[in-house]
Amino acid sequence: MLAIRIMQEQGIEVEALNFKTMFTCCQDTSAQAARALGTNITVIGQEDDYLDLVREPQYGYGKGANPCVDCRIYMFERAYKFMEAVDAQFIISGEVVGQRPMSQKRSDLNVISTNSGLEDLLLRPLSAKLLQPTKPERDGLVDRQRLYDFQGRSRKGLIRLARDFGFTEAMIPTPSTGCALTEPEFGKKVHDLIQIQINDTRWDYEALNVGRHFRFNEQVKVIVGRNHKENTQLEYMHRMEDATSTSFLEPISFIGPNALITGPSTDAALEYAAGLVYRYGRSVEGEDNIVQVVQADQQFNLTAHPTERSQVEQTIASVNSGPVQ
Ligand code: SF4
């Protein structure tokens, strides 16, 4: 928001872009912000090739599985195409030198400008005075003197500037990235997929947003719903054309979560998955606790029992990071 307002203060018309990936939070405030600033906003989504950079980023990961430098290059490549399509003259971003350790070191900003192809068409108004003059500054389109020299992680100066511009407290964004890839627990699930499940697909990544994930062996993972919404989502996901799940489990004689098996549904995998349904369900002692299994070509029932592993194993996200969920 600040970068846009700085440009508007110089009489420059701005078109806002919001980049969304399958890992970014759906409840962002960018539309409200654009309305408050009086700009159009266009949402750009990621394509399937985005997963390639999540799997193997050239510039590495942050604390989670966030390939921020590669991701920003990807975003700015798309922004560059948009810039040409709408006949705009340059791109601005709200990046601040040193604000985020993974992608906003001065050297990272240069890498992002260069590798996105934007070079000196990418202006960072909040830190511009610390960086080489960009083309719009050299050409006199932008008054460099009215740009800023913010750096580091402190937000105090930025918040002061936001207030000077008349932004209300509600309009000042939180420091959160809103990106699940930055969360260490979510990152473990991503790294599990990348390292163990070599033939992962988009469906596998989308499934990371739903349920508890348990690794049974190199080929098999079990996903267990945590609430009614997730149970419904798992049922829906199992029916998707590109689903890698091979079994959908639903308790029919007791209250409990739904579950999916990805990878081969061997007898051992089914027993383990049914054991997890038993563990998180309200199984009835002394009675058969029946789970229905739906596969592509058949449907059958089996009795869920607690198994040694299903009773104690931690989720992929919580391994080495705290108590069993
Ligand atoms: S936080 Fe997420 S969306 Fe933002 S640059 Fe990093 S990987 Fe990309």
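Residues numbered from 1 in each chain as written. Predicted model: local features only at pLDDT ≥ 70, side-chain atom pairs only at ≥ 80, totals over all residues.

Student: Quick question: what am I supposed to make of the overall build of the protein here?
Tutor: Broken down by element type, the protein carries 12 helices and 10 strands. Its C-alpha atoms give the protein principal-axis dimensions of roughly 80 × 35 × 35 Å. Taking the contacts inside the protein whose residues are at least 6 apart along the sequence as the reference set, 61% of them involve residues at least 24 apart. (Helix = DSSP H or I, 4+ residues; strand = E, 2+ residues; numbered from the N terminus. Contact = placed C-beta atoms within 7 Å.)

Student: Quick question: what am I supposed to make of the sheet that holds strand β10 (residues 299-303) here?
Tutor: Strand pairing in a sheet relies on backbone hydrogen bonds, with the paired strands running either antiparallel or parallel. Read from one edge of the open sheet, six strands run β5-β6-β8-β7-β9-β10, paired in antiparallel fashion. Each having just a single partner strand, β5 (212-215) and β10 make up the two edges of the open sheet. Neighbouring strand axes in the sheet, compared pairwise and without regard to direction, differ in orientation by 25° on average. Pairing geometry for strand β7 (residues 245-251) and strand β9 (residues 290-294), over four bridges, is antiparallel. Note that in β9 the partner of E250 across the bridge is Q292. Against the sheet, helix α10 (residues 228-238) makes contact with β6 (221-224), β7 and β8 (259-262), and its axis sits at roughly 145° relative to β7, the strand it touches most. (Pairing = 2+ DSSP bridges. Axes fitted to C-alpha atoms, helices over the stretch in contact; angles between N-to-C directions.)

Student: Explanation requested: the nonpolar core in the structure shown.
Tutor: Side chains that are nonpolar tend, in soluble globular proteins, to be buried together. With 71 residues, the main nonpolar core has V222, A259, A273 and V277 as its most contacted residues. Per element, the largest residue contribution to this core is eight residues, and it comes from helix α11 (residues 267-280). Shared between two domains, this core holds at least three residues of each, these being domain 1 (2-180) and domain 2 (183-312). (Core = buried A, V, L, I, M, F, W, Y, C linked by C-beta atoms within 7 Å. Buried ≥ 20, exposed ≤ 12 C-beta atoms within 10 Å, placed from the backbone. Domains from an automatic or database assignment.)

Student: Explanation requested: the site of the ligand in the structure shown.
Tutor: Within the structure, the ligand sits among T21, T24, N66, P67, C68, C71, R72, S103, T177, C179, L181 and T182. Considering only residue class, the shell around the ligand consists of five nonpolar, six polar and one charged. (Near = placed C-beta within 6 Å. Nonpolar A, V, L, I, M, F, W, Y, C, P; charged D, E, K, R; others polar.)

Student: Help me out: how do you make sense of the domain arrangement of the protein in this one?
Tutor: Note: interface size is frequently given as the accessible area lost on complex formation between the parts. What the domain assignment lists for the protein is domain 1 (2-180) and domain 2 (183-312). Using only C-alpha atoms to locate each centre, domain 1 and domain 2 end up separated by 39 Å. Every contact between the two is made by nine residues of domain 1 and, on the other side, 10 residues of domain 2. For the side of domain 1 that touches domain 2, the class distribution of residues is five nonpolar, one polar and three charged.

Student: Explanation requested: the packing of helix α4 (residues 68-85) against helix α5 (residues 106-115) in the structure shown.
Tutor: Relative placement of two packed helices is described by the angle separating their axes and the distance separating the axes. Where α4 meets α5, the closest approach of the two axes is 9 Å, and the angle between their N-to-C directions is 35°. Our pair here, α4 against α5, has a crossing hand that is right-handed. Within the contact between the two elements, α4 uses V69, R72, I73 and F76 and α5 uses D108, V111, I112 and N115. When its residues are assigned to classes, the contact of α4 with α5 shows five nonpolar, one polar and two charged. (Left-handed = near helix turned anticlockwise from the far one by under 90°.)

Student: Would you mind showing me how to read the pairing of β10 here?
Tutor: For a regular strand, side chains alternate in direction, first toward one face of the sheet and then toward the other. Within β10, only zero of the five residues are buried, which leaves it mostly out in the open. Relative to β10, β9 runs antiparallel, the two being bridged by five bridges. Pairing of Q292 across the sheet is with N301, part of β10. Counting the residues that bridge the hairpin from β9 to β10 gives four residues.

Student: Any chance you could explain the environment of L123 here in plain terms?
Tutor: Of note, L123 is situated in strand β4 (residues 122-123). Between the C-alpha atom of L123 and that of D267, which follows or precedes it by 144 residues, the distance is 58 Å. Among residues more than four places away in sequence, those in contact with L123 are F90, I92, A128, T134, P136 and V142.

Student: Just to check I follow, could you spell out the pairing of β8 for this structure?
Tutor: Taking every second residue as pointing to the same face, both faces of β8 are buried, with A259 and I261 on one and L260 and T262 on the other. Strand direction decides the pairing type here: β6 and β8, joined by four bridges, are antiparallel. Within β8, the position partnered with V224 by the bridge is A259. Relative to β8, β7 is paired through four bridges, and the arrangement is antiparallel. In the strand pairing of β8, L249 is matched with A259.

Student: Whenever I open this one, unusual backbone geometry confuses me. Can you help?
Tutor: The phi angle at D87 is positive, at roughly 60°, despite the residue not being glycine. Mapped onto the elements, D87 comes out in the loop between α4 and β3 (91-92). In this structure, E119 is a non-glycine residue whose phi angle is positive, near 50°. Position of E119 among the secondary structure elements: in the loop between α5 and β4.

Student: It is not clear to me how α4 should be interpreted in this structure. Could you clarify?
Tutor: Each turn of an α-helix holds 3.6 residues, which means side chains three or four residues apart point in the same direction. Compared with an ideal rise of 1.5 Å per residue, which puts 18 residues at 26 Å, α4 spans 25 Å between its outermost C-alpha atoms and is within 8% of the ideal. Among the structural elements, β1 (16-20), α3 (50-55), β3, α5 and β4 are those in contact with the buried residues of α4. Following α4 by one or two positions, D87 adopts a phi angle in the positive range, close to 60°. (Expected span 1.5 Å × (residues − 1).)

Student: Looking at this structure, how should I read α11?
Tutor: With 14 residues, α11 should cover 20 Å at 1.5 Å per step; its first-to-last C-alpha distance of 20 Å lies within 8% of that length. Residues of α11 that are buried include every one of A269, L270, Y272, A273, A274, G275, L276, V277 and Y278, and no others.

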